[in-house]
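Single-letter residue listing:
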Amino acid sequence: MITLLDYGAGNVRSVVNAIESLGESVKIVSDTSDIISAEKLVFPGVGSFGSMMRILNQKNYVEALKDYLTSGRPFLGICLGLQALFETSEEAPDINGLGLISGHVKRFDIDLSVPHIGWNGINIKKPSRIFNGLGDDEKFYFVHSFYVAPEDDSVILTTTNYGLEFVSSIQRGSITATQFHPEKSGDAGIKILKNFLEAGDEKKASGFVSQETRLAKRIVACLDVRSNDQGDLVVTKGDQYDVREKGEVRNLGQPVELAGRYYQKGADEIIFLNITGFRDFPLEDMPMIEVLKQTSKNVFVPLTIGGGIRDYTDKDGRKYTALDVAAEYFRSGADKISIGSDAVLIAEEYLKTGVKTGQSSIEQISEVYGAQAIVVSIDPRRVYVMSPDEVDHQVIETAEKGPNGETYCWYQCTIKGGREGRDLDAVTLAQVCEKLGAGEILLNCIDKDGTNSGFDIELINAVAGAVTIPVIASSGAGCAEHFYEVFAKTEAEAALAAGIFHRKEVSIASVKDYLSDKVEIRPFIKM
Ligand code: 1PR
């Protein structure tokens, strides 16, 4: 029996699912006595350092945790569960951590995108059986803006490079803690959890040290989901956002099944977009919640869900906040939520007033779950102009001339799945959302969607050059070469495709094969 410390702030379902997939049962801590009597304790921290420590204090868990940690029983901390072991954090300087390990938690102060999101390697600094059976080019999933700096080097188990060399896991006696998420790191992560669960077997893997670890470019599979005219929830695919063919909604498969297949075939991340979410009441839209619950049982890479995340009032007059909706999605297995239409409306309001109210969905979700949990999905369309002065928007010079020979264009934001154009450009939207607390941009392009003609490199450069958060390039992938082009010509951290994967024209494995000697990627190793 594994005891899991959940203080109610996010997605612990994936950790539970990962442990259960190894045949172990999980007991969730409901009061202090569960910590006191635990035989093996797993602590997956989520949210922010300050809110985590406040909740642990409110629930009187702190002393019980300290007793457990000094008792010699096995402990695995994940992400904030690692940071909690330290004395203080720059994320919340006024509140103490557990202080079991001397040292502090620092904010990344580097020239690269922060949060550090994605698959990166590890340099093993001392042998540990936690790494039994792993190859030396494994990558693990990270998502964080802070890292631990222990005073005593002897606790350092691994380091990782991202702008600087930081400590990515520690081990002292029976305490092990990782900055990366084993439960989101595919087979390699499951192996680490297995090694932890098998505590008692003292066989130790020798350390391995690679040169310098590198963050992988991510290959993302996207599933646009909606009900068809028969009422079945299906994965569909648009052609410049038009998902109907001969009047019928295209049906390319079942969401849970396709997500499982893409995980098996090496997808680094999976995104579900409920494309008609803008007209539904999300919390009554139980099928999407069920899709997440089912998918997260077998898919151990990050899951993002979008569509309809906003404040709303149901038909009985009951009010729900976007935070309520997001919380339900996180509880059901989502690691990130994606906001489309609402982000545009929020940015418009912010540009009008210049005031951060703290009330918008982006600010509220970011405050509780952290910036890394919020993706802003942008659905822009190219608008050509003869000269940059013609409009009050961020205009780019384009090599792809317009129908009347125009050499300038801007990218108009849309809402409701492209149905309504707004007086806001994609570059400004991305900048405002970053300011309000978004952690990543999913950059679609209506003109390119479903065309197989390659990503819109100009759009991606315009947006990626204007923000410091990671950008996922989306729309237009037609072959493996297009992925190389987007990584070679832009700063995109990830590239997404839908149609070519659904129609089995190009496989994720073949994209990775093609990229393997050109771009840093997570190698796809089926154990
Ligand atoms: O506005 O918060 O309710 O969220 C709705 C979400 O649904 C948005 O993220 C929006 O992008 C998405 N969406 C709405 N309508 C459509 C549609 O297609 N009719 N899909 C839609 C957007 C774009 C990508 C697609 C890529 C890659 N789809 O999801 O997967 O373009 O496709 P490709 O590789 O085949 O070219 P809200």
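Preceding this section is the structure that the text describes.
A brief look at the structure comes next.

The rules we used
- Residues numbered from 1 in each chain as written.
- Predicted model: local features only at pLDDT ≥ 70, side-chain atom pairs only at ≥ 80, totals over all residues.
- Heavy atoms only, no water.
- Near = heavy atom within 4 Å.
- Polar contact = N/O pair within 3.5 Å; in protein donor to acceptor, adjacent residues only side chain to side chain.
- Helix = DSSP H or I, 4+ residues; strand = E, 2+ residues; numbered from the N terminus.
- Contact = heavy atoms within 4.5 Å.
- Phe/Tyr/Trp six-rings, centres within 6.5 Å; stacked < 30°, edge-to-face > 60°.
- Lys NZ or Arg CZ within 6 Å of the ring centre and 35° of its normal.
- Buried < 20%, exposed > 50% of the residue type's maximum accessible area, 1.4 Å probe, protein only.
- Axes fitted to C-alpha atoms, helices over the stretch in contact; angles between N-to-C directions.
- Left-handed = near helix turned anticlockwise from the far one by under 90°.
- Nonpolar A, V, L, I, M, F, W, Y, C, P; charged D, E, K, R; others polar.
- Core = buried A, V, L, I, M, F, W, Y, C linked by side-chain atoms within 4.5 Å.
- Salt bridge = Lys/Arg side-chain N within 4 Å of Asp/Glu carboxyl O.
- Pairing = 2+ DSSP bridges.
- Right-handed = clockwise from strand over helix to strand, strands pointing away.

In the vicinity of the ligand, 26 residues are found, and the nearest of them are K237, S341, S377, D379 and D449. One nitrogen or oxygen atom from the side chain of D224 is found 2.8 Å from an oxygen atom belonging to the ligand. Side-chain polar atom of D449 to an oxygen atom of the ligand: 2.6 Å apart, as the coordinates give it. Where the shell around the ligand is concerned, the elements lending two or more residues are strand 14 (218–227) and strand 30 (494–497).

Turning to the environment of F108, a few remarks are in order. Note that F108 resides in the loop between strand 6 (103–107) and strand 7 (116–120). Sequence spacing of F108 and L164 is 56 residues, and the spatial spacing of their C-alpha atoms is 8.7 Å. Once residues within four sequence positions are removed from consideration, F108 is found in contact with V114, H116, H144, S145, F146, Y147, Y162, L164 and F166.

Taken as a whole and judged by the stated rule, the model has 14 aromatic pairs. Relative to F166, the ring of F142 has its centre 5.9 Å away and its plane inclined at 85 degrees; by these criteria the two rings are edge-to-face. You can see F142 sitting in strand 9 (residues 140–144) and its partner F166 sitting in strand 12 (residues 165–172), a full 24 residues away along the chain. Relative to F300, the ring of Y263 has its centre 6.3 Å away and its plane inclined at 85 degrees; by these criteria the two rings are edge-to-face. Separated by 37 residues along the polypeptide, Y263 in helix 7 (residues 255–264) and F300 in the loop between helix 8 (286–298) and strand 19 (303–306) bring together distant segments of the chain. Among the aromatic residues, those joined into a cluster by ring pairs are F108, F140, F142, Y147, Y162, F166 and F180. A cation over a ring is seen here: K518 above Y514, with NZ or CZ 3.9 Å from the ring centre. Of note, R522 hangs over the ring of W119, and the distance from its end group to the ring centre comes to 3.9 Å.

Moving on to helix 13 (residues 457–464). Counting buried positions over the eight residues of helix 13 gives six, a clear majority of the element. For helix 13, the set of buried residues is I457, L459, I460, A462, V463 and A464. Of the surrounding secondary structure, the elements contacted by the buried residues of helix 13 are strand 25 (396–397), strand 26 (408–415), helix 12 (426–436), strand 28 (440–443), strand 29 (471–473) and helix 14 (480–489). Near the N-terminus of helix 13, the side chain that reaches the backbone nitrogen of E458, with its oxygen 3.2 Å away, is that of D456.

Across the interface, helix 13 lies against helix 14 with an axial gap of 10 Å and an inter-helix angle of 35 degrees. Pair helix 13 / helix 14 crosses with right-handed handedness. Of the residues in helix 14, those touching helix 13 at I457, I460 and N461 are E485, V486 and K489. By residue class, the composition of the contact of helix 13 with helix 14 is three nonpolar, one polar and two charged.

Attention now moves to the nonpolar core. The biggest cluster of nonpolar side chains holds 129 residues, and the ones touching the most others in it are I270, F272, Y329, I362, I365, F483 and F501. Of the residues forming this core, the biggest block, seven residues, is contributed by helix 12. In contact with I365, not counting residues within four places along its chain, are I309, A322, L323, A326, F330, I337, I339, G370 and I374.

Turning next to the pattern of salt bridges. Inspection of the entire model under this criterion finds 26 salt bridges. Among the salt bridges present, the one from K336 reaches E269, with a minimum N-O distance of 2.7 Å. Of the two residues, K336 is situated in strand 22 (residues 336–339) and E269 in strand 18 (residues 269–274); the sequence distance between them amounts to 67 residues. Given the relative accessible area of 2%, K336 is considered buried. Residue E269 is classed as buried on the basis of its relative accessible area of 0%. Among the charged side chains, a network of salt bridges with common partners joins R218, E269, K336 and E440.

Every second residue of strand 28 is oriented toward a common face, with E440 and L442 on one face and I441 and L443 on the other, all of them buried. The sheet contact formed by strand 23 (residues 374–378) and strand 28 spans four bridges and is parallel. Pairing of I378 across the sheet is with L443, part of strand 28. Relative to strand 29, strand 28 is paired through three bridges, and the arrangement is parallel. Paired with I441 across the strands is V471, a residue of strand 29. Following the chain from strand 28 across helix 13 to the adjacent parallel strand 29, one finds a crossover that is right-handed.

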